[in-house]
Amino acid sequence: MDLFKIFFSAASELSGADLTNYLISQILGIGVFVICLVIGQVNGFKIILGLKIAANLLQTVSMLFVNAYVGAIVAALAAIISIAVFIFRRNCIDIPKWFAPASIAIYTVATLISFSKPTDILPIIGGILLVLSLVSKTTTGFRIYMLISAIMWIPYDVAVLAHANLLTHVGNLITYAIGIIRFDLIKRKKTDGTGI
């Protein structure tokens with residue numbers, strides 16, 4: 001019961017337009033959750049990136065409905081950065097060495113503009129980890145960075161009443177952990193001849 005009070009006490013006090021916006025945010029957040037569950041269980045970068053772009057666009061709108069502006073900026077930038085990486089990979093172009101530092105700098109500057117409380121640092125760290133995941137040369141690296149990014153988002157989601165996004169990030173934590181076990185540990189053991 002105490003967890004319920006922690007997560008939903010502020011939401012239970014909402015009314016009118018604020019309650020409507022909260023509910024719309026949660027519905028969109030559930031859509032993000034479903035997409036992210038699928039992302040964690042696929043193994044092709046192009047599919048992962050296409051789904052990630054869709055999830056980030058939905059998350060941007062979801063965060064805007066609860067006035068979580070830093071989270072919305074991080075999600076919007078994640079969509080843009082994911083599109084750029086998708087284009088690089090689709091055209092078989094190596095991601096330029098400047099891309100990750102430039103993306104991290106853009107994240108930091110853009111989000112610091114609307115930074116207002118200590119929890120706002122968490123999505124910034126999550127965004128930086130997203131950049132590192134996207135420039136990773138392997139799907140293993142992608143999953144590891146995304147798992148850590150999910151951990152960064154969880155307290156932020158609670159703080160800004162983005163409860164469905166909380167579900168997404170807890171789901172990401174679980175699905176990327178399963179993906180790491182499934183693709184990176186078990187499958188690798190079998191192909192290395194060290195498994196059963």
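Residues numbered from 1 in each chain as written. Predicted model: local features only at pLDDT ≥ 70, side-chain atom pairs only at ≥ 80, totals over all residues. Heavy atoms only, no water.

Points about the overall build of the protein
Our working rule: Put simply, DSSP H or I for four residues or longer makes a helix, DSSP E for two residues or longer makes a strand, and each gets a number counted from the N terminus. Only protein chains enter the accessibility calculation, which uses a 1.4 Å probe. A residue is then buried if its area is under 20% of the maximum for its type, exposed if over 50%, and partly exposed in between. The contact rule is simple, with two residues in contact once any of their heavy atoms fall within 4.5 Å.
Looking only at helices and strands, the protein has 8 helices and 0 strands in total. Listing the helices and strands of the protein from first to last along the sequence gives α-α-α-α-α-α-α-α. Looking at the protein as a whole, 43% of its 196 residues are labelled buried. Restricting the contact set of the protein to residue pairs at least 6 apart, pairs at least 24 apart contribute 71%.

Regarding empty space enclosed by the protein
Quick reminder of the rule: Using protein atoms alone on a 1 Å grid, points that fit a 1.4 Å probe yet trap it form a cavity, whereas open point sets bounded by protein on both sides within 12 Å along at least five of seven lines form a pocket; residues with an atom within 4 Å of a point count as lining. Grid points are joined across faces, edges and corners, and a volume is the space filled by probe spheres set on the points.
Per the counting criterion, the structure on display carries 1 cavity of 30 Å³ or more. If you add up the space inside the largest cavity, you get close to 160 Å³. What lines the largest cavity is a set of 20 residues, among which K52, N56, Q59, M146 and W153 lie closest to the centre. Elements supplying a minimum of two residues to the lining of the largest cavity: helix 3 (45–65), helix 4 (69–90), helix 6 (121–135), helix 7 (139–159) and helix 8 (163–192).

Topic: the nonpolar core
Heads up, the rule is: Only buried residues count toward a nonpolar core, which is a set of Ala, Val, Leu, Ile, Met, Phe, Trp, Tyr and Cys residues joined through side-chain atoms within 4.5 Å.
Formed by 39 residues in total, the largest nonpolar core has its most connected members in I39, M63, I81, Y107, L134, F142 and Y156. Elements that contribute at least two residues to this core include exactly helix 2 (16–39), helix 3, helix 4, helix 5 (99–113), helix 6, helix 7 and helix 8. Once residues lying within four places of it in the same chain are set aside, the contact partners of I39 are I48, L51, K52, A55, F142 and Y176.

Details of the packing of aromatic side chains
The cut-off we apply is this: Note on aromatic contacts: the rings of Phe and Tyr and the six-membered ring of Trp form a pair at centre separations within 6.5 Å, being stacked when their planes are under 30 degrees apart, edge-to-face when over 60 apart, and tilted otherwise.
Scanning the entire structure with this criterion turns up 4 aromatic pairs. Note on F142 and Y176: the rings are 6.1 Å apart at their centroids and 75 degrees apart in plane angle, and the pair reads as edge-to-face. You can see F142 sitting in helix 7 and its partner Y176 sitting in helix 8, a full 34 residues away along the chain. Summarising the burial analysis for this pair, F142 and Y176 share the class buried. Ring centres of W153 and Y156 lie 5.7 Å apart, and the angle between their planes is 80 degrees; on these two criteria the pair is classed as edge-to-face.

A few points about the pattern of salt bridges
To keep it simple, the criterion reads: Within this document, salt bridges are pairs made up of a side-chain nitrogen of Lys or Arg and a carboxyl oxygen of Asp or Glu, the two lying within 4 Å of each other.
Counting across every chain of the model gives 2 salt bridges. In this structure, K117 and D120 form a salt bridge, with 3.5 Å as the shortest nitrogen-oxygen distance. The residue D184 makes a salt bridge to R143 at a minimum N-O spacing of 3.1 Å. Of the two residues, D184 is situated in helix 8 and R143 in helix 7; the sequence distance between them amounts to 41 residues.

Observations concerning the layout of surface pockets
In this approach the atoms are scanned with a rolling probe the size of a water molecule, which exposes any empty space left behind. Note the cut-off: All residues other than Ala, Val, Leu, Ile, Met, Phe, Trp, Tyr, Cys, Pro, Asp, Glu, Lys and Arg, Gly among them, are scored as polar; the first ten of these are nonpolar and the last four charged.
What the largest pocket holds in volume is close to 210 Å³. Lining the largest pocket, in full, are R89, I93, D94, I95, P96, K97, F99, A100, V135, S136 and K137. Among the residues forming the lining of the largest pocket, the class breakdown is 6 nonpolar, 1 polar and 4 charged.

Some thoughts on the packing of helix 5 against helix 6
We apply this condition: Interaxial angles span 0 to 180 degrees and are taken between N-to-C directions of axes, which are lines fitted to C-alpha atoms, for helices over the stretch in contact. An angle below 35 degrees is treated as roughly parallel, one above 145 as roughly antiparallel, one from 65 to 115 as roughly perpendicular, and anything else as oblique. A crossing counts as left-handed when the near helix is turned anticlockwise from the far one by less than a right angle, and as right-handed when that turn is clockwise.
Contact geometry of helix 5 with helix 6 gives a least axis separation of 10 Å together with a crossing angle of 160 degrees. Looking at the two axes, helix 5 sits roughly antiparallel to helix 6. Crossing geometry of helix 5 relative to helix 6 is assigned as right-handed. Counting all contacts with helix 5, which are made through F99, A100, S103, I104, Y107, T108, T111 and L112, the residues of helix 6 involved are I124, G127, I128, L130, V131, L132 and V135. Looking at the contact of helix 5 with helix 6 residue by residue, the class counts come to 11 nonpolar, 4 polar and no charged.

A short note on the side chain of Q26
The cut-off we apply is this: Here a polar contact is recorded for every N or O atom pair within 3.5 Å, except that within protein the pair must consist of a potential hydrogen donor and a potential acceptor, and residues adjacent in sequence are included only if both atoms are side-chain atoms.
Mapped onto the secondary structure, Q26 falls in helix 2. At 3.2 Å, the side chain of Q26 forms a polar contact with the backbone oxygen of L161. Ignoring anything within four residues of it in the chain, the contact list for Q26 reads V66, L161, A162, H163 and A164.

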